[in-house]
Amino acid sequence: MDAYRVLRKPMVTEKSTSLLQDNKYTFEVDPKANKTEIKQAVESLFKVKVEKVNTMHLKGKLKRVRQIQGRTPDRKKAIVTLKQGDKIEIFEGMS
């Protein structure tokens with residue numbers, strides 16, 4: 001799978017910015033991607049060394065607009081731990 005298809009976007013939340021102190025970066029990834037593909041994608045795109053990848057599936061929430069009920073889509077999130085000393089530049093000003 002292409003590295004740009006594996007990593008969809010970085011997740012910028014209060015919890016993910018607090019994880020930057022521990023050298024952990026959070027991404028929304030393709031639901032079919034496995035940990036090995038995520039590791040290879042991060043290493044090839046950002047030229048860093050990945051130590052560990054944790055993944056989790058997030059269920060979509062029920063949303064309602066007047067009488068019409070719908071759902072937000074299901075997502076997959078990956079928390080990537082980098083080797084000590086490595087950084088990803090797009091997250092530079094957030095911590």
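Residues numbered from 1 in each chain as written. Predicted model: local features only at pLDDT ≥ 70, side-chain atom pairs only at ≥ 80, totals over all residues. Heavy atoms only, no water.

A. Examining the overall build of the protein more closely. The number of helices and strands found in the protein is three helices and six strands. Taking all 95 residues of the protein together, 33% fall into the buried category. Here the contacts in the protein between residues at least 6 apart in sequence split such that 60% fall between residues at least 24 apart. On the protein, roughly 6900 Å² of surface is accessible, and the fraction owed to carbon and sulfur atoms is 48%. A distance of 9 Å separates the average location of the 22 positive side-chain charges in the protein from that of its 12 negative side-chain charges. (Helix = DSSP H or I, 4+ residues; strand = E, 2+ residues; numbered from the N terminus. Buried < 20%, exposed > 50% of the residue type's maximum accessible area, 1.4 Å probe, protein only. Contact = heavy atoms within 4.5 Å. Areas by Shrake-Rupley, 256 points an atom, 1.4 Å probe, with all protein chains shown as cover. Lys, Arg positive; Asp, Glu negative; His and termini not counted. Charge placed at Lys NZ, Arg CZ, Asp CG, Glu CD.)

B. The arrangement of the packing of aromatic side chains in detail. Under the counting rule described, the total for this entry stands at one aromatic pair. Measuring from centroid to centroid gives 5.9 Å for Phe27 and Phe46, while their planes differ by 25°, and the two rings are stacked. Here Phe46 lies in helix H3 (residues 35-46) and Phe27 lies in strand S2 (residues 24-29), a separation of 19 residues in the sequence. Relative accessible area serves as the criterion here: at 2%, Phe27 is assigned to the buried category. (Phe/Tyr/Trp six-rings, centres within 6.5 Å; stacked < 30°, edge-to-face > 60°.)

C. Region of interest: the nonpolar core. Counting 18 residues, the largest nonpolar core has Leu7, Phe27, Ile38, Val42, Val80 and Leu82 as the members making the most contacts within it. Mapped by element, the contributors of at least two residues to this core are helix H1 (3-6), S2, H3, strand S3 (50-58) and strand S6 (75-82). In contact with Leu7, other than residues within four places in its own chain, are Phe27, Glu28, Val29, Ile38, Ala41, Val42, Leu45 and Phe46. (Core = buried A, V, L, I, M, F, W, Y, C linked by side-chain atoms within 4.5 Å.)

D. Looking closely at the environment of Thr26. For Thr26, the position within the fold is in strand S2. For Thr26 and Lys77, which are 51 residues apart along the polypeptide, the C-alpha to C-alpha distance reads 7.1 Å.

E. Inspection of the environment of Arg75 at higher detail. Along the polypeptide, Arg75 turns up in strand S6. C-alpha of Arg75 to C-alpha of Met56: the two residues are 19 residues apart in sequence and 8.6 Å apart in space. Residues within four places of Arg75 in sequence aside, it is in contact with Met11, Glu28, Met56, His57 and Leu58.

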